[in-house]
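Residue-level structure breakdown
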Amino acid sequence: KKQLHRIARIDKVTIFRLYPSTLKVKVTEKKGFLYLKSREGDIFPTDVRGMVMEHAVFPSKEDLPVVHTDLASRQFQVGKVIRTPFLVKVTALHKRIMAESPEFMQLVSEYYEQNGSVMIIDAKFGTRVLIGENDLKDQLRRYLFVQENGDINRSGIFDLRYKNQVVVRQEL
């Protein structure tokens, strides 16, 4: 059991004894939460705590957003928790989106930092989205409405930090 727990992807191991001479081992795998991308371009899966895990056996089934970091690949070691101020912000935002607007999750392709702010890349439209602190669900609803109904330049930044507005700008 201890040997199995050395594998970072394993969340829980339960062993049952079935009489007279059989053991049943149940292994529960941790779910990936985000991919972290090193400055060299390598991708590392992490769990919800930020712990680096082994790559999944079937990575195509683990469709996770990519977080661009400025960390070197050598800093990513399986079993090590990665915590930077930016990753703390991204993790909090990602959890908020999952809780408050789960239907938007399929649109989150990437997170990256620009001028101290967390930017999202929309997987469907390829646009950059800057989210504010308040009324997340309403912000995302307005964003989707503008994307689907507006005749807008999708190469800009969609700034949702303003109350009841979607501001499209070229740069921050």
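What you see is a predicted model, and the numbers here were worked out from it, not measured in a lab. (Residues numbered from 1 in each chain as written. Predicted model: local features only at pLDDT ≥ 70, side-chain atom pairs only at ≥ 80, totals over all residues. Heavy atoms only, no water.)

With respect to the pattern of salt bridges
For clarity, the threshold we go by: Salt bridge, as used here, is a side-chain nitrogen of Lys or Arg placed within 4 Å of a carboxyl oxygen of Asp or Glu. Put simply, DSSP marks the helices as runs of H or I at least four residues long and the strands as runs of E at least two long, and each gets a number from the N terminus on. Relative accessibility decides the category of a residue: with a 1.4 Å probe and only protein chains considered, values under 20% of the type maximum give buried, values over 50% give exposed, and everything between is partly exposed.
This structure, assessed with the given rule, holds nine salt bridges. The partner of aspartate 47 in a salt bridge is lysine 30, with the nearest N and O atoms 3.8 Å apart. Of the two residues, aspartate 47 sits in the loop between β4 (43–46) and β5 (66–68) while lysine 30 sits in the loop between β2 (22–29) and β3 (34–37), which places them 17 residues apart along the sequence. Here the two residues aspartate 47 and lysine 30 agree in accessibility, since each one is buried. Between arginine 39 and aspartate 70 there is a salt bridge; the shortest N-O distance is 3.7 Å.

Some words on the side chain of serine 101
Quick reminder of the rule: Here a polar contact is recorded for every N or O atom pair within 3.5 Å, except that within protein the pair must consist of a potential hydrogen donor and a potential acceptor, and residues adjacent in sequence are included only if both atoms are side-chain atoms. We call two residues contacting when some pair of their heavy atoms lies within 4.5 Å.
Along the chain, serine 101 turns up in the loop between α2 (85–100) and β6 (108–114). Classification of serine 101 by relative accessible area gives buried; the value is 2%. Looking at serine 101, its side chain comes within polar contact range of the side chain of glutamate 103, at 2.9 Å. With sequence-adjacent residues up to four places away left out, serine 101 is seen in contact with Arg96 and Leu140.

Nothing here speaks to function; it is all geometry.
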